[in-house]
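# Topology and contacts: notes
Single-letter residue listing:
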Amino acid sequence: FVRDGRDGLAPLASSAGDVPPDLALERIVEQSATAAAFEAKAPAYGVLHLSTHANGGENPGVEFADRRMTLSEIYAHQS
């Protein structure tokens, strides 16, 4: 189990293949998959597929290459 990502998170080796290429309009992967990229590009799309580490509990969120975003931050974005 390799833990060399941000904050010791393991890389998600197969996440780039989660969405069939004919359905993917734009892919932002690895170090380019930042919270800022999400915030800038998400409003242009009606459907988003996030393949990342996530956690539930009292303050659920997902991990981007540069930082964690809570679900409330993500849901606050208008599309």
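Residues numbered from 1 in each chain as written. Predicted model: local features only at pLDDT ≥ 70, side-chain atom pairs only at ≥ 80, totals over all residues. Heavy atoms only, no water.

### Quick look at the overall build of the protein chain
When helices and strands are counted, the protein chain shows 2 helices and 3 strands. Mapped in sequence order, the helices and strands of the protein chain form the string α-β-β-β-α. Within the protein chain, counting contacts between residues at least 6 apart in sequence, those at least 24 apart form 46% of the total. Per element, the accessible surface of the protein chain, about 5700 Å² overall, is 54% carbon and sulfur. (Helix = DSSP H or I, 4+ residues; strand = E, 2+ residues; numbered from the N terminus. Contact = heavy atoms within 4.5 Å. Areas by Shrake-Rupley, 256 points an atom, 1.4 Å probe, with all protein chains shown as cover.)

### Here we look at the confidence of the model for the protein chain
Across the protein chain, the average pLDDT comes to 77, with 67% of residues at 70 or higher. When mean pLDDT is compared element by element in the protein chain, strand β3 (residues 68-70) scores highest at 93, while strand β1 (residues 54-55) scores lowest at 84. (pLDDT = per-residue confidence, 0-100.)

### A few points about the pattern of salt bridges
Scanning all chains against the criterion turns up 3 salt bridges. Between Arg67 and Glu39 there is a salt bridge, with its nearest N and O atoms 3.6 Å apart. Taken as a pair, Arg67 in the loop between β2 (61-63) and β3 and Glu39 in helix α1 (residues 35-41) lie far apart in primary sequence, 28 residues in all. A relative accessible area of 31% places Arg67 in the partly exposed class. By relative accessible area, which is 33% here, Glu39 ends up partly exposed. Close ionic contact of Arg67 with Glu73 constitutes a salt bridge, the shortest N to O distance being 3.4 Å. (Salt bridge = Lys/Arg side-chain N within 4 Å of Asp/Glu carboxyl O. Buried < 20%, exposed > 50% of the residue type's maximum accessible area, 1.4 Å probe, protein only.)

### Topic: the sheet that holds β3
Strand pairing in a sheet is mediated by backbone hydrogen bonds. Such pairs are either parallel or antiparallel. Here 3 strands make up an open sheet; going across it, the order is β1-β2-β3 and the pairing antiparallel. At either margin of the open sheet sits one strand with a lone partner, and together these are β1 and β3. Pairing of β1 with β2, which is carried by 2 bridges, proceeds in the antiparallel orientation. Across the sheet, the residue bridging to Ala54 is Val62, located in β2. (Pairing = 2+ DSSP bridges.)

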